[in-house]
Amino acid sequence: MDTKRVVFVGVGGQGNLLASRLLGEAALSQGIQTVVSEIHGMAQRGGIVESAVLMGEVSSPIVSNGEADVLVGFEPVETLRALGKCNQETLVITNTHPLPPFTVSVGQGTYPPVDEMLDLIQTKIRRVIALDGDAMAAEVGNPLSLNMVMLGALIGSGSIPITAEVMKKTIEQSTKKAFLESNLKAFDLGYESAQSQ
Amino acid sequence: MHKLLTDSPGKEMLLLGNEAIARGALEAGLSFATCYPGTPSSEIPEQFFRISQETDLYFEYSTNEKVALEVGAGAAVSGLRTMVTMKHVGLNVAADPLMTLAYSGVKAGMVIVTADDPYLFSSQNEQDNRYYARLSGLPMLEPTNTQEMKDITKMAFDLSEQLELPVLLRTTTRLNHVRGKVVLGELQPIRTKGEFRRNPFHFVAIPAVSRKLHKLLLEKYDQAARKAESWPTNQIIGNGPWGIVTNGVSFNYVSDAISDLGIQDKVTILKLGFSWPLPKGLIKQFLDQVDKVLVVEELEPINENDFRAVAEELGITKLIKGKGVGELSRLFEYDPGMVRRAIAQYFEVPYEPPKPVDLSGIPELPARPPNLCPGCPHRATYYAVKEVYGEDAIHPTDIGCYTLGVLPPISMADYLICMGSSVSSSCGFSQATDKKVVSFIGDSTFFHSGITGLVNAVHNNHKFTLVILDNGTTAMTGHQPHPGVDTTPMGVQRTQIDLEQVVRGCGVKDVHVVKPFKLKKTMEAVKAAMEYDGISVIISKELCPLFARATGQARKAKPFYVNLDKCKNHRDCINKIACPAMYLEGEQVMINQNLCIGCAVCAQICPENAILPSK
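Below is a short write-up of the structure. All residue numbers refer to position in the chain's written sequence, counted from 1. Ligands are numbered from 1 and chains lettered from A, in the order in which they are written. Local features in this predicted model are restricted to residues whose pLDDT is 70 or higher, and side-chain atom pairs enter the listing and the counts only when it is 80 or higher, whereas totals over whole chains, interfaces and linings include all residues.

The next subject is the overall build of chain B. A run of H or I in DSSP becomes a helix once it reaches four residues, and a run of E becomes a strand once it reaches two; helices and strands are each numbered from the N terminus. Of regular secondary structure, chain B possesses 22 helices and 22 strands. At 27 Å, chain B has a C-alpha radius of gyration in line with the 25 Å of a compact globule built from 615 residues. Across its three principal axes, chain B shows a C-alpha extent of roughly 80 × 70 × 55 Å. In this description, any two residues whose backbone-derived C-beta atoms lie within 7 Å of each other are considered to be in contact. At a minimum sequence separation of 6, the contacts of chain B that also span at least 24 residues come to 80%. Here the globule rule is a power law, 2.2 Å times the number of residues to the power 0.38, and the radius of gyration is based on C-alpha atoms.

If you want it as C-alpha cells, here you go:
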C-alpha cells in the first residue's frame, strides 16, 4: 500500500490521542504496518495536543512540514495553526466548532471568525471536509464523543485503507459499555458527513 | 490483569515505547524496579506500579533519582534483576552513585533507563546523555523502535549480568511516546529475594579498593567493546559507497529517506544499537567499504567526533560529516524531511522536496499555552502571595505544574534551573539583593531535593519565604505518590511523612499551614511570613483537583456563575486569576459550568460579590 501520514491536532481534553491510538490499533488488526506518535503532558492543561499515525512502508514516527496526507483538526484555529504540515494535495478534515483559548478572554489575541478561517484553508488546500463535530457529539448525547465523530469523518473520507467495520470493532473493544452506543452513533454521523462532502 | 502480563508469546500488541520497555524487563525476569518519574520516562514506572499490585514485582517511587539508583544498586548486588528509570536530567541527580556503581558493579542484571528529550518537549534542557556512557564507562544501548525497545531491554539484562555492570538504556521522547507493533515473548518468573555475599574489599569504595575497581572497570569495558562488535542491533546494512552512521529514532528517518530517494543500492548504513563502547572492528569494516560518511544523530556530534578519531587511529582518511550538513544541527529533534534533504544534499542526489502550503495570509492566531487547570489550588496561592507582596518580590520557582505560574496574568516565576533550585537560589537572592524573596516549590519536588536547601537556609540565617504548594501528589508527571502522600486511595500502603514535621525538623520556626481556597486566611499567613525576620515556610495544602477526581476524593462543590445583575465588569476575576473556566461572551465574563469545580476563589475576589454558587 501507499504510505499514509495522518496528523491529528486538537486541544487537551478533546480526545485526539485516543483517536490516534484507536486508528493505530485498527491498522494493526488489518495487518497494516503502523506507528503512532504522541506528545504527552499537555492534555490536561488546555494546551495543544498533536499526534500522528503513519501507515504502510514507513518507520519514521513523525510527519515533517508539508508531508501530511491527511490533517484531522479537532478545533478550527488548531487546524489552521497546523496547516504547515500540509501540501496542496493534503486532505484537511476539520471540526468547525471553536474552542477559544483563554488568551482570547484576557485580551491577548483575537479569535478569527470560523467562516474566514475555512475560506482561507479552502484557498490553499484542494480538498477540505468541514463538519460541526461538537453538534454531532451533542446530537448523540455524549459531548465527549467528538473524537469518534472525527474518526468517522476520517474513515468516511476514504483517504486511508481502514474500513469502517474494522474501525468500529476497534472502538467497541476499547469503549466502556455505557458509551458504546453513543460512540458508534457519533462515528456514523462523522462518517456520513464526510461521505456527503 | 495488566495487559503487559499477557502470557501469550507470539501475540502482537500495539504498545507505547515505554510499555515495550516494561514488557521487555518482565520478559527478562525483572524483580525489582525503582524510579523518580519524569517525562518522557514516566509511563515505564506507571506500568510497574500497577503490575506490582498484581504480582511479586517490587516497585517503588523513590524520593529522587539518586535514591532510586542506590535502592536499585542494593537489590542488584543482592542478585535481583533491577530496573531504574529516569528522565535525562534525573541522571544528573543520580550521577554520583552512577560513577562509583560502575566500579563495583552488580551481580544480577541492572538496567538504567535514561530518557532524553530533544526539543525540550517537557524539560529544562536537552543535554545528550550519551556522554554519561563515556563519563562512567558503562555500556549504552540505543533502541530504534518499539519492538527493539522490548527486545533490547530484555537483552540488556543478560548483558549486564555477563559484564557485572549496570547497562544504560538510552531513549528519546520520540521512542518513549511512540506506539508500534510489538511481538510478545515469554514472561519470566519474578524472584522476591536474593542474597548478598559480603565482600567489603570489593563493595566498599575506599581508595585502596577503588584503585583495583577502576582497573576492573577498564577490563569490563574491553569485554563490552568485544560484545558490541557482534551485538545484533549493531548492523551494517547495504553495501553501497555512501556511508551513513545513525542511532536511535534517526535510524528510521534514514531508512525512510533512502527508500524515498531510491538510493538503497548506493548506501551503506551503520546502525549503532550498542553505541558505547564503540565497536571499532565493525566501524573499520564500514569505513573500508564506503567513500564518504554522513553521521545522522540528534543533539551532540558524538558519533561524528568519535568516528573521526577512530578513522584517524586506523589511518583511514575519508570525509566524515554530520552537524552542519543541510539543516542537521545540535539543536532540537530531527524529522524525516530534514534528514531526507540532508542526505540528498550530501550525496548530491537530485531531489525536489514536497512543497508545504503557502502560509501567507493566515492571520495571527491566538496563542494556546498550557494553563493551570480550573480549580487548581496553585492559582489561589499565587493570588494570595501577590496581593500581599505586590509585584516587587523575587520569585524563584521550581519544577512542576506550578511552573506555569510564569505565564500572565500570574507572572510569578523569576528563576529556575533544576529540581530544588527554588529553595537554594532563594538563599543567594535574599543575601545578594535587598528585595523580598518568596519562592515556590511543590510537595514532591520538596522531598526530591528541597530539604537540603531548606536546612542550608536555616543554618546560614537566610531570610525569605518558601511556599510549599502541597497538592498531595506528583501532578505534573501523572499523579505519582511521593513520601508526603496518603497512598491509601491509590491502593497501596506506604508510610505518609508529615510535611510540616519535616519543615519544623529542618529548624524552621515560622511555619504556616493554610488552605489556599480560604483566601483571607491565606493572605494573613503570607503577611505574617513577610513580617517575620528569618526563614518562613507556608505550606499551602489542597489536593490537585485532577488527582482528587481520579481517586474519588473530589470536592462536592457546586459550580459558580456570574450574576449578570450584579457584575459591573471589573474583570478582577479574569485579569488576576485567569481560570480557564471563565470566558467572555461579548464583553461579559461568564463561567463554564462544566469546567468550574466550585473552588470559590473568584467569588472571594469579586468586588461586587457577583459570582455565586449555582443552585
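The structure having been displayed, the exposition proceeds.
Let us look at the sheet that holds strand S15 (residues 438–442) of chain B. All names here are of chain B. Strand pairing is assigned whenever DSSP detects at least two bridges linking the two strands. Judged by pairing direction, the sheet is parallel, and its 4 strands sit side by side in the order S15-S16-S18-S17 without closing on themselves. Only two strands of the sheet have a single neighbouring strand rather than two, namely S15 and strand S17 (510–514). Going from strand to strand, the sheet's axes swing by 20° on average, the running direction of each strand aside. Packing of helix H17 (residues 443–459) onto the sheet brings it into contact with S15 and strand S16 (465–470), and relative to S15 it is tilted by some 130°. Axes, fitted as lines to C-alpha atoms, cover a helix only where it is in contact. Angles between the N-to-C directions of the axes lie from 0 to 180 degrees.

Attention now moves to the interface of chain B and chain A. Tallying the contact residues gives 47 residues for chain B and 50 residues for chain A. Elements that contribute at least two residues to the side of chain B that touches chain A include exactly strand S1 (12–16), strand S8 (178–183), helix H11 (250–260), helix H14 (336–346), helix H21 (572–577) and strand S20 (582–585) of chain B. Here the nonpolar group is Ala, Val, Leu, Ile, Met, Phe, Trp, Tyr, Cys and Pro; Asp, Glu, Lys and Arg are the charged ones; every other residue, Gly included, is treated as polar. For the side of chain B that touches chain A, the per-class residue count stands at 27 nonpolar, 11 polar and 9 charged. For strand S2 (residues 34–38) of chain A and S8(B), the ladder comprises 3 bridges, and the chain directions are antiparallel. Bridge pairing links Ser37(A) to Val178(B) in S8(B).

Quick look at the sheet that holds strand S9 (residues 234–237) of chain B now. All names here are of chain B. The sheet built from 5 strands is open, its strands ordered S9-S11-S10-S13-S14 with mixed pairing. Pairing within the sheet leaves two strands with one partner each, and these edge strands are S9 and strand S14 (319–321). Neighbour-to-neighbour, the strand axes of the sheet open up by a mean angle of 15°, direction not taken into account. Looking at chain direction, strand S10 (residues 242–246) and strand S13 (residues 292–296) are connected through 5 bridges and run parallel. Its bridge partner lying in S13, Val245 is registered against Val295. Contacts from H11 reach S10, strand S11 (267–272) and S13 within the one sheet, and its direction differs from that of S10 by about 155°.

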